[in-house]
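Overview (structure and organization)
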Amino acid sequence: MRIRSFRGGVHPPEEKITSQKPIQELPLPKKVVIPLSQHTGVPARPTVKVGDRVKTGQRIGEAQGPISSNIHTSISGKITSIENHPHPLGPPSLAITIESDGRDEHHPSVKHNNDYFKLHPNEIREIVRGAGIVGLGGAAFPTHVKLSPPEDRWIDTVILNGCECEPYLTCDHRLMIEKTYEIIEGLKIIAKTLEVTSCYVGIEKNKEDAIKAMREEIRNKANMEIVSLKTKYPQGSEKQLIEAILNRKVPSGGLPLDVGVVVQNVGTALAISEAVKKGRPLIERVITVTGRGIKNPANLRVRMGTLFKDMIDYCGGFAGKPGKIIMGGALMGFAQHTLDVPVIKGTTGILLLTEDEVNIEEPQPCIKCARCVDSCPIYLLPLYLGIYGEKELWRKCEELGALDCTECGCCAYICPARIPLVQLIKLAKQEIAAYRKKK
Amino acid sequence: MKEEHFLVSTSPHIRSAEDIPKIMYAVIIALIPVAIASIYFFRLWAIKLMAVCIITAMGTEDIFQRLRKKDITVFDGSAIITGLLLAFILPPSLPLWAASLGTFFAIALGKQIFGGLGYNIFNPALLGRAFLMATFPVLMTTWTKPFSLDVVTSATPLAQMKFAQSFVSHQSLFLGNVSGSLGETSALAILIGASFLLIRKIIDWRIPAGYLGTVVLLSSIFWFIDPKGFADPLWHLLAGGLILGAFFMAPDMVTTPVTKRGRWVFGIGCGLILIVIRSWSGLPEGVMYSILLMNAITPLINRFTHPRIFGEQK
Ligand code: SF4
Ligand code: SF4
């Protein structure tokens, strides 16, 4: 069988050093810092005040408007502050700090629902919204919004994303092996909510064991298929995943639902199943702490709001001299300047590069080798975006489709002249947005 | 834990191992078989010619970068390639001063004037040859028989076809046992180097495919119509600098289109021009002009072959 994939992309060294390491439970942290903005959309509003006692799973922040998400405490204890705190995705922002009482007592709202399969789609949506579930693949888009397509849209397919195409990261890989049943349960719940009949799980070919486990699990289920995909970055990007599995192209500027598809990450499916069956809001997730800069790389189940330094300590501290701390993957992650940042819902991993792995090379002139053109999965001409970007010709960048760029990083990764293409394109996007607003 | 200093920069946080020098040195490695073949056929002349061209190329680059107060990148491999390629397309008996002058011109006016590597429009080595052809036409058409170290004026196979209607055998052409420029005589050596470049994906196969494909197609048609007046396609492929040009000059990334469709256009265009020149013009060889002409319209090709963006509606 021809192995399915998309056009373009790159294949960096996979570096999945933790792929055979079972998920470990990080001991309960002494304190957690929970930002009110962990998702795409409007930040939540705090519903508690300093000094309040809270129990695990209790809501402490309320979603504001349709594209927003509830926030819950991940431990039981006392609120000690509500103030600005370093945030892994940008400037310091409002966060709630909770000191643990060490008891991890659950809030009464967290309870099992044995009849979950009788729930109406709208009830499921309500549970997902209440539980503060967002996409766990990194983008952190509120899940209930994706589960509530507009009436006039015909959705016929759900795709679970188990590609994990970023080098180093293995949390989804481990979940598919260790939580196979729950993930498929989650997929069934999603399919029921959206009333679709055809379901796919896309997994990159380098995860043979996960593919096998998932195939076992769905045996005799006619409407589900596990699709083995070529190991290529960005296979797990929504548009590329849909192209690979269904051969449908999401229109420029459009969404997967424009082609009848909803894509969810495998971790999100697990979170949905936990929320619907066990009443558990999204208060923990699995992350990969990895890279040559850490002594004992591991896959950890951690409470939201755990500080990076606690996890790095647990993993034995730095190995060698640390050069760069990245939240997320090597291609799309965010470099951090402090370890005082917390795990948020979109944290897929912490990647530690050693000092000699981060060599800063001077950009050279573009040699028109077109490696960036060949690797761009959106079929842009990144070299011109770079050239015009450097000259600040933003309108030219817009004409060349800068706004379609997904910032996947293939072009900058592959560029032999080391031109910071993504940086220039990001800048161009901001400038375009700015002058569009003015109009 | 002590707070350390962490580097903060935009993603991606890893870069592929292939940088400009790695690409350039891969091209140089690919040129080694050709260099060996030329030394085998033309002995000391080959060594001297290559040495002079490479040294002049690097020296000129160095001087210009110093004058323009740029970083000195003499060792990034690109100047070596220009020098070596130019040596390969010169007659083995060319006086060394002329070779040196041509190389100076190639680097100075073919590359540095435009702003250095990456900014030039024309393939510098070909421009160097064009300059020598215009200035020293006699020297540039004085050929030598392989293995003989004396200058014996002898016509190249293409000139023989054109002006005497006689064809050299395919086998001699393939092995290189004919008169011609230093490095374009042995198709075998060139193909060994070319396969390395294709496997390493240093050059895009579309350009040689378009170029050679067009030549074969058109020459087959003409040959069918008039087998006496026209050479057969295989002969066209093997004669002159075509294979060297198709694998080492035409696909030069700096001076060719960046889009895939554009590369087809480029290769096919080169093929068309070549056949026209070889069949109907007064010039015996058209590889150089075909590539230089297509270099000239490369910006235009780029403009008209933008790929349609993913999911863009018609
Ligand atoms: S231009 Fe954008 S979409 Fe294309 S490769 Fe670069 S980062 Fe990815
Ligand atoms: S990969 Fe870099 S050097 Fe090559 S064409 Fe693109 S921008 Fe230019």
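Residues numbered from 1 in each chain as written. Chains lettered and ligands numbered in written order. Predicted model: local features only at pLDDT ≥ 70, side-chain atom pairs only at ≥ 80, totals over all residues. Heavy atoms only, no water.

Within chain B, the regular secondary structure consists of 14 helices and zero strands. Listing the helices and strands of chain B from first to last along the sequence gives α-α-α-α-α-α-α-α-α-α-α-α-α-α. Out of the 314 residues in chain B, the part that is buried amounts to 57%. Sequence separation of 24 or more characterises 74% of the internal contacts of chain B that already satisfy a separation of 6 or more. As displayed, chain B offers around 13400 Å² of accessible surface, 70% of which is attributable to carbon and sulfur atoms. (Helix = DSSP H or I, 4+ residues; strand = E, 2+ residues; numbered from the N terminus. Buried < 20%, exposed > 50% of the residue type's maximum accessible area, 1.4 Å probe, protein only. Contact = heavy atoms within 4.5 Å. Areas by Shrake-Rupley, 256 points an atom, 1.4 Å probe, with all protein chains shown as cover.)

A few words now on the interface of chain B and chain A. Many authors give the size of an interface as the accessible area that is lost as the parts come together. Contacts between the two partners involve 41 residues from chain B, matched on the other side by 66 residues from chain A. Both faces combined, the contact of chain B with chain A buries some 4500 Å², and carbon together with sulfur accounts for 62% of it. Counting across the chain B and chain A interface gives two salt bridges. Between A:Arg371 and B:Glu18 there is a salt bridge, with the nearest N and O atoms lying 3.1 Å from each other. Listing elements by their share of the side of chain B that touches chain A, those giving two or more residues are helix H1 (20-67) and helix H12 (260-280) of chain B. Among the residues forming the side of chain B that touches chain A, the class breakdown is 18 nonpolar, 13 polar and ten charged. (Buried area = accessible area lost by both parts, 1.4 Å probe. Salt bridge = Lys/Arg side-chain N within 4 Å of Asp/Glu carboxyl O. Nonpolar A, V, L, I, M, F, W, Y, C, P; charged D, E, K, R; others polar.)

A word on the site of ligand 2. Taken together, A:Cys366, A:Ile367, A:Lys368, A:Cys369, A:Ala370, A:Cys372, A:Leu383, A:Cys415, A:Pro416, A:Ala417 and A:Ile419 make up all the residues around ligand 2. In terms of residue class, the shell around ligand 2 is made up of ten nonpolar, no polar and one charged. (Near = heavy atom within 4 Å.)

With that settled, consider the sheet that holds strand S5 (residues 59-62) of chain A. All names here are of chain A. Read across the open sheet, the three strands follow the order S3-S5-S6; overall the sheet is antiparallel. In this open sheet, the two edge strands, each paired with only one partner strand, are strand S3 (45-46) and strand S6 (71-72). Sheet topology places S3 next to S5; two bridges connect them, and they run antiparallel. By the bridge assignment for S5, Pro-46 is matched with Gly-61. (Pairing = 2+ DSSP bridges.)

Turning our eyes to something else, we now look at the sheet that holds strand S16 (residues 334-336) of chain A. Residue and element names in this part refer to chain A. Read from one edge to the other, the open sheet built from six strands follows the order S1-S14-S13-S17-S15-S16, with strand pairing classed as mixed. Looking at which strands have only one partner, the edges of the open sheet turn out to be strand S1 (24-25) and S16. As defined by bridge partners, strand S15 (residues 322-327) adjoins S16 across three bridges and the pair is classed as antiparallel. Residue pairing for S16: Ile-325 is matched across the bridge by Gln-336.

Right, let's get into the domain arrangement of chain A. All names here are of chain A. Per the domain assignment, the segments of chain A are domain 1 (116-278) and domain 2 (371-438). The distance between the C-alpha centroids of domain 1 and domain 2 comes to 30 Å. Across the boundary between the two partners, domain 1 contributes eight residues, which contact six residues of domain 2. Summing the contributions of domain 1 and of domain 2, the shared interface buries around 550 Å²; its carbon and sulfur component is 47%. On the surface where domain 1 and domain 2 come into contact, there are three residue pairs in polar contact (both at pLDDT 80 or more). Classifying every residue of the side of domain 1 that touches domain 2 by side-chain character gives two nonpolar, three polar and three charged. (Domains from an automatic or database assignment. Polar contact = N/O pair within 3.5 Å; in protein donor to acceptor, adjacent residues only side chain to side chain.)

With that out of the way, let us pick up the site of ligand 1. As a structural note, the neighbourhood of ligand 1 is formed by 14 residues, with A:Cys376, A:Cys405, A:Cys408, A:Gly409 and A:Cys411 the closest of them. A breakdown of the residues in the shell around ligand 1 according to their chemical character gives eleven nonpolar, two polar and one charged.

Now for the pattern of salt bridges. This model, assessed by the stated rule, comprises 38 salt bridges over all chains. A:Glu238 is the salt-bridge partner of A:Lys146, the closest N and O atoms lying 2.8 Å from each other. Of this pair, A:Lys146 sits in helix H2 (residues 143-146) while A:Glu238 sits in helix H6 (residues 238-246), and the two are 92 residues apart along the sequence. Taking relative accessible area as the criterion, A:Glu238 reaches 27% and is therefore assigned partly exposed. The closest approach of N and O atoms between B:Lys260 and A:Asp374, which form a salt bridge, is 3.5 Å. Of the two residues, B:Lys260 sits in helix H12 while A:Asp374 sits in helix H9 (residues 371-375), which places them in two different chains. For B:Lys260, a relative accessible area of 29% gives the class partly exposed. If you follow the salt bridges from partner to partner, you end up with A:Glu25, A:Asp104, A:Glu274, A:Lys278, A:Arg280, A:Glu284, A:Arg301 and A:Arg303 in one network.

A complete count under the given rule lists zero disulfides over all chains for this structure. In this structure A:Cys199 is not part of a disulfide, and its nearest cysteine sulfur, from A:Cys163, lies 16 Å away. (Disulfide = S-S within 2.5 Å.)

Here the focus is the nonpolar core. Core analysis: the largest hydrophobic core is formed by 115 residues, its most contacted members being B:Phe88, B:Leu90, B:Tyr211, B:Phe248 and B:Ile291. If one sorts the elements of this core by residue count, H1(B) sits on top with 20 residues. In this structure, A:Val134, A:Leu160, A:Ile189 and A:Val302 belong to the second largest nonpolar core, which totals 67 residues. (Core = buried A, V, L, I, M, F, W, Y, C linked by side-chain atoms within 4.5 Å.)

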